Amino acid sequence: MAKARRVPVRSFGSEVEDPAVGELADWVRERRGSSADLTTYLMERSLQVQKGVDIPCAGGLCYGDRWLSSLPGIRDRALVHDLDPVTTDVERDSLQVVAARKGAWVGIPAPHRLEIRDEYFHDPEEACASLCGAYRDLMRAMRDRGIGGHVILAGTADPCELEILAGSRAYYMVRDPTVDDLELILEYQPRIALPARLLPEVSRLQDEYRVRSISLLDATPEDLMAASELLDPGRVETGGYCTGECGEYWDRLVDRSLIPASPPPRPAGGSGGSPPSGRTGSGPPG
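All values derive from a computational prediction rather than experimental measurement.

J.: In this structure, what is going on with the nonpolar core? I would like to understand it.
T.: Soluble, globular proteins show a tendency: their nonpolar side chains are buried together. In terms of nonpolar packing, the biggest core is built from 60 residues, with W67, Y172 and I214 touching the most fellow members. Counting residues per element, this core draws most heavily on helix 5 (residues 124-144), which supplies nine residues. Once residues within four sequence positions are removed from consideration, W67 is found in contact with V90, I108, L114, Y135, L138, M139, M142 and H150. Grouped together as the second largest cluster of nonpolar side chains are ten residues, W105, V151, L217 and Y241 included.

So this is what it looks like as structure tokens:
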């Protein structure tokens, strides 16, 4: 008898609410003698709730403050000097993340999400190249300390960022993409994250681009079955990004990351006849 097929779950980040002062103070006391601050807390907590996630990812947009503090050429969100990254803090964070989950990835805001003003180059292309070059240095320093890779969380696809940053260990991801975003991303990387509502576009995208894999955001079993009709099931994974109460979120996502052995029966009161094709579900945008 055919069995449901388990689908890997990839995290694109897990935002954690700032703790109460007392909770943070207790946490810091437990780590007396080691470097720890609010960002360290957020990174640790974001991983703790990702039980069962196959490719966990610490942090997300919340890691932006640490990223900015590692770029001394930026002051008050303005680029005022050549960027010479200081990797001390991100390397320390890397060791703590790896100690919690070996091979975990780290989520970071895309350069444009930092909203940096260029008051040094006065040239958008030079400013982008400089900022992305500094990103690449920080990312490499973290990978050298054991981080599996980086999720680059973008608000929209940016060709300058993609050209410099996209790679096998850097997953450029727009959380609520347009079709234009997906097309631009596929020019630079062969994998995309998308909500189920955009599944009908995958066939057309495959005709024009090399689509090695897709991460279906907040997928249901029905969504995953529909995706497996478009790509080999081994090229489909569930993607998640949490911004609220994350413990239950990840548990639910892991539990439903299955491709059913056969299409689910039609609900009572339906028209009867043959079972549905499976292309019926639609999870919420990630």
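Next comes the rest of the account.
J.: How do you make sense of the sheet that holds strand 11 (residues 213-217) when you look at a structure like this?
T.: Strand pairing in a sheet is mediated by backbone hydrogen bonds. Such pairs are either parallel or antiparallel. In space, the four strands of this open sheet follow the order 2-12-11-10, with parallel pairing throughout. Whereas interior strands pair on both sides, the edge strands pair on one side only; in this sheet they are strand 2 (9-14) and strand 10 (191-195). In this sheet, adjacent strand axes meet at a mean angle of 30° when their direction is disregarded. Across five bridges, the pairing between strand 10 and strand 11 is parallel. Residue pairing for strand 11: L194 is matched across the bridge by L216.

J.: In this structure, what is going on with the layout of surface pockets? I would like to understand it.
T.: One water molecule sets the probe size; rolling that probe over the atoms shows where empty space is left. The calculated volume of the largest pocket comes to roughly 190 Å³. Residue lining of the largest pocket: L79, P111, H112, E115, I116, D118, P124, A127, C128, L131, D158 and E161, and that is the complete set. Counting residues per element, the lining of the largest pocket draws most heavily on helix 5, which supplies four residues. Looking at the lining of the largest pocket residue by residue, the classes come out as seven nonpolar, one polar and four charged.

J.: When you look at the state of the cysteines in this model, what are you seeing that I'm missing?
T.: Every disulfide links exactly two cysteines, by a covalent bond between their sulfur atoms. Summed over all chains, the structure comprises two disulfides. Here C128 pairs with C160 through a disulfide, and the sulfurs are 2.0 Å apart. One quick way to see it: the torsion about the S-S bond of C128 and C160 is about -115°, and its sign makes the bridge left-handed. Of the two residues, C128 sits in helix 5 while C160 sits in helix 6 (residues 159-165), which places them 32 residues apart along the sequence. Two residues, C242 and C246, share a disulfide whose sulfurs are 2.2 Å apart. Handedness of the C242-C246 disulfide follows from its S-S torsion of about -100°: it is left-handed. If the cysteines joined by disulfides in the protein are listed in sequence order, their pairing comes out as 1-2, 3-4. Counting only cysteine sulfurs, C62 is the nearest neighbor of C57, a cysteine outside any disulfide, at a range of 9.4 Å.

J.: Where do I start with the packing of helix 2 (residues 38-48) against helix 4 (residues 88-100) in this structure?
T.: In contact at an axis separation of 10 Å, helix 2 and helix 4 are set at 25° when each is read in the N-to-C sense. Relative to helix 4, helix 2 is oriented roughly parallel. The chirality of how helix 2 crosses helix 4 is right-handed. In this structure, helix 2 uses T40, M43 and L47 to contact helix 4, whose residues at the interface are R92, D93, Q96, V97 and A100. Among the residues making up the contact of helix 2 with helix 4, the classes are represented as four nonpolar, two polar and two charged.

J.: For this particular structure, what's the right way to read the pairing of strand 9 (residues 170-174)?
T.: Each regular strand carries side chains that alternate between the two faces of the sheet. Strand 9 sits mainly inside the fold: five of its five residues count as buried. A two-sided burial pattern is seen for strand 9, the buried positions comprising A170, Y172 and V174 on one face and Y171 and M173 on the other. As paired elements, strand 8 (residues 150-154) and strand 9 share five bridges and run parallel to each other. Among the inter-strand pairings, H150 is bridged to a residue of strand 9, identified as A170.

J.: Mind showing me how you'd approach the sheet that holds strand 5 (residues 78-79) here?
T.: Judged by pairing direction, the sheet is mixed, and its three strands sit side by side in the order 4-5-7 without closing on themselves. At either end of the open sheet lies a strand with only one pairing partner, and these are strand 4 (74-75) and strand 7 (117-118). Two elements, strand 5 and strand 7, share two bridges in a ladder whose sense is parallel. Residue L79 lies in a different strand from strand 7, and its bridge partner there is D118.

How each quantity is defined
Every chain is numbered independently, its residues counted from 1 as its sequence is written. Only residues with pLDDT of 70 or above have their local features reported here, since the model is predicted, and side-chain atom pairs are shown and tallied only from 80 upward, although totals for entire chains, interfaces and linings are computed over all residues. Note: side-chain values were computed over all heavy atoms of the structure, leaving out hydrogens and water. What is meant by a nonpolar core is a set of buried Ala, Val, Leu, Ile, Met, Phe, Trp, Tyr and Cys residues, joined one to another through side-chain atoms within 4.5 Å. For every residue, the accessible area (1.4 Å probe, protein chains only) is compared with the maximum for its type, and the residue is labelled buried under 20%, exposed over 50%, or partly exposed between those bounds. Every helix listed is a DSSP run of H or I at least four residues long, and every strand listed is a run of E at least two residues long, numbered separately from the N terminus. Residue contacts follow a heavy-atom distance rule, with two residues in contact if any of their heavy atoms lie within 4.5 Å. One requirement defines pairing of two strands: DSSP has to find at least two bridges between them. Angular values range over 0 to 180 degrees, each being the angle between N-to-C directions of two axes fitted as lines to C-alpha atoms, with helices fitted over their stretch in contact. Here a cavity means grid points, on a 1 Å grid over the protein atoms only, where a 1.4 Å probe fits yet cannot get out; a pocket means an open set of points with protein on both sides within 12 Å along at least five of seven lines; lining residues are those with an atom within 4 Å of a point. Grid points are joined across faces, edges and corners, and a volume is the space filled by probe spheres set on the points. Only Asp, Glu, Lys and Arg are considered charged, only Ala, Val, Leu, Ile, Met, Phe, Trp, Tyr, Cys and Pro nonpolar, and every remaining residue, Gly among them, polar. Two cysteine sulfur atoms form a disulfide, by the criterion used here, when they sit within 2.5 Å. By the definition adopted for this analysis, an angle is roughly parallel if under 35 degrees, roughly antiparallel if over 145, roughly perpendicular if from 65 to 115, and oblique otherwise. For any pair of crossing helices, the crossing counts as left-handed if the nearer helix is rotated counterclockwise from the farther one by less than a right angle, and right-handed if it is rotated clockwise.

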